[in-house]
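Here are the chains, one letter per residue:
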Amino acid sequence: MTVAPTLPGAVTVRVPAKVNLELRVGPRRPDGYHSLATVYQAVSLHDEVSVARWDDWQVVPTGTYKSLIPTDGDNLAVRAARLVAERWSVDEALSIRIDKDIPVAGGMAGGSADAAATLVACDQLWGLGLDRDDLAELAGMLGSDVPFPLAGGNAMGSGRGEQLAPVLARGTFHWVFAISDTGLSTPEVYAECDRLRERDGVEVPEPHVSPELMAALRSGDPAALGAALHNDLEPAAFSLRPRLRELRDAGVEFGALGGIVSGSGPTVAFLTESHEAALDLSVSLAASDLCRDLRRAKGPVHGAHVVATPRD
Ligand code: C5P
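Residues numbered from 1 in each chain as written. Predicted model: local features only at pLDDT ≥ 70, side-chain atom pairs only at ≥ 80, totals over all residues. Heavy atoms only, no water.

Draft legend 1. Quick peek at helix 6 (residues 211-219). Every buried residue of helix 6 is accounted for by Leu213, Met214, Ala216 and Leu217. Down the axis, helix 6 shows its buried residues gathered within 160 degrees of arc, on one side only. Among the exposed residues of helix 6, those pointing more than 90 degrees away from its buried face are Pro211 and Glu212. If you follow the buried residues of helix 6, they end up packed against strand 1 (11-28), strand 2 (34-54), strand 5 (154-158), strand 7 (173-179) and helix 7 (222-228). Residue Gly220 follows helix 6 closely and has a positive phi angle near 75 degrees. (Buried < 20%, exposed > 50% of the residue type's maximum accessible area, 1.4 Å probe, protein only. Helix = DSSP H or I, 4+ residues; strand = E, 2+ residues; numbered from the N terminus. Arc of directions from axis to C-beta. Contact = heavy atoms within 4.5 Å.)

Written as structure tokens, this is what we have:
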């Protein structure tokens, strides 16, 4: 793997991926978003974002999934940096290097993680002294999934997913992430969820996180957590990508404690008993022809943090 060199004077921030342990989708709101009740867990797949002053705006992709990173102004990291520059009247352009190890468009919030990392990096580079609330506000403006990677750990999300509250949890959980298919677009999956609900005449209540999931997190018991995993977007993801259901069923048959589509998919997240069980499950899934990429990770892990500054 060739790694693009970090520019002199760069600030580097490391940021985790997430999995939604529970994702309850409420009614569609007048603004087009859905009210959510969700529990996020940050997991040990990380991107690293480095920002440095440059003559013009540029994105330098590197890492495992570098070919899948958009390099234009649509990149959420560029939008994050421009938002900070605008708000604090900083008249400078940046080179933004994204070292990508979080699967792209998989429902693991990789793009959102990069935006969160960019906010933290710009704050440090430009010496703005932003506090957690400032950063969370900017993050919420960029996307529903952007505030969580700032916090990391486990957190409950409400509103459209951007309003966070801490969750009492114990223990470390071992995951296998199976990537079966090309990316699913988040708006497409929500639209399919609406379509299926309308077709079936489902009355959609305001969403709530289940007491079973909260109890499982408090106890640190992976079997209880495996049984409590839930994603309301799963039927929509299965409808758009029928092979995902086969993949989920295969993982559970191979011994996972639970398996769910991660966020809006198409990655399927499997919870296992231990590090060794995760290795065994990876071997079984690799031997099936149901997925094209497998990643192991543990959670929870810390949120976005600076790992290198110009003084290092
Ligand atoms: O907030 P973000 O830009 O990540 O959302 C992407 C899309 O996902 C939205 O445009 C919307 O279609 C859908 N979405 C939703 N309800 C949410 C979060 C996202 O409908 N709570």
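On we go from here.
Draft legend 2. Spotlight on the site of the ligand. Every residue near the ligand is listed here: Gly32, Tyr33, His34, Leu36, Gly143, Ser144, Arg160, Thr186, Pro187 and Tyr190. Ser144 places a side-chain nitrogen or oxygen 2.5 Å from an oxygen atom of the ligand. Look at the ligand: alone it shows 450 Å² of surface, and the protein chains cover 75% of it. The cavity that encloses the ligand is the largest pocket. Secondary structure elements with two or more residues in the shell around the ligand: strand 2 and helix 5 (186-199). Sort the elements by how many residues they give to the shell around the ligand and helix 5 lands first, with three residues. Here the shell around the ligand is built from residues that sort into four nonpolar, five polar and one charged. Split by domain, the residues of the shell around the ligand number at least three in each of domain 1 (4-167) and domain 2 (173-299). (Near = heavy atom within 4 Å. Polar contact = N/O pair within 3.5 Å; in protein donor to acceptor, adjacent residues only side chain to side chain. Areas by Shrake-Rupley, 256 points an atom, 1.4 Å probe, with all protein chains shown as cover. 1 Å grid on protein atoms, 1.4 Å probe; cavity = no way out; pocket = protein on both sides within 12 Å on 5 of 7 lines; lining within 4 Å. Sits in = over half its atoms within 2 Å of the grid points. Nonpolar A, V, L, I, M, F, W, Y, C, P; charged D, E, K, R; others polar. Domains from an automatic or database assignment.)

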